[in-house]
Amino acid sequence: MRHDWLPEQPLPPKEEMDWDAWLGPCPWRPYNSEYTAAAGATITDFHTSCIGEWGAHTFAQCQVALDLWKTSP
């Protein structure tokens, strides 16, 4: 897990990426596109542990089993 901050990059247009909304309750840090890519999962502030990494797949399988696959989680 990484604890460092990546270098700041220019923010994309707000209609493409609302950085503050993407951060949500995470500690604020300057924008870097790597945070929003798969590499961001290795950053301590954005890591969601096993439930966040694999939980979504398990929940999706349960929705299919309950014939609720067309619904939102």
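1. Remarks on the packing of aromatic side chains
In this description, an aromatic ring pair is defined by two values, namely the gap between the centres and the angle between the planes. Across all of its chains, the model carries four aromatic pairs by this definition. Aromatic side chains W19 and Y31 sit 5.1 Å apart centroid to centroid with 85 degrees between the ring planes, which places their arrangement in the edge-to-face category. Taken as a pair, W19 in helix α1 (residues 19-23) and Y31 in the loop between α1 and α2 (33-36) lie far apart in primary sequence, 12 residues in all. Of the two residues examined, W19 and Y31, each falls in the buried class. The interplanar angle of 20 degrees and the centroid separation of 6.2 Å between the aromatic rings of W19 and Y35 together place this pair among those described as stacked. Within this pair, whereas W19 is found in helix α1, its partner Y35 is found in helix α2, the two being separated by 16 residues in sequence. A residue is classified by how much of its surface remains accessible, and W19, at 5% relative accessible area, is buried. Feature note: the residues W19, W22, Y31 and Y35 constitute an aromatic cluster, connected by ring pairs.

What counts as what
Residues numbered from 1 in each chain as written. Predicted model: local features only at pLDDT ≥ 70, side-chain atom pairs only at ≥ 80, totals over all residues. Heavy atoms only, no water. Phe/Tyr/Trp six-rings, centres within 6.5 Å; stacked < 30°, edge-to-face > 60°. Helix = DSSP H or I, 4+ residues; strand = E, 2+ residues; numbered from the N terminus. Buried < 20%, exposed > 50% of the residue type's maximum accessible area, 1.4 Å probe, protein only.

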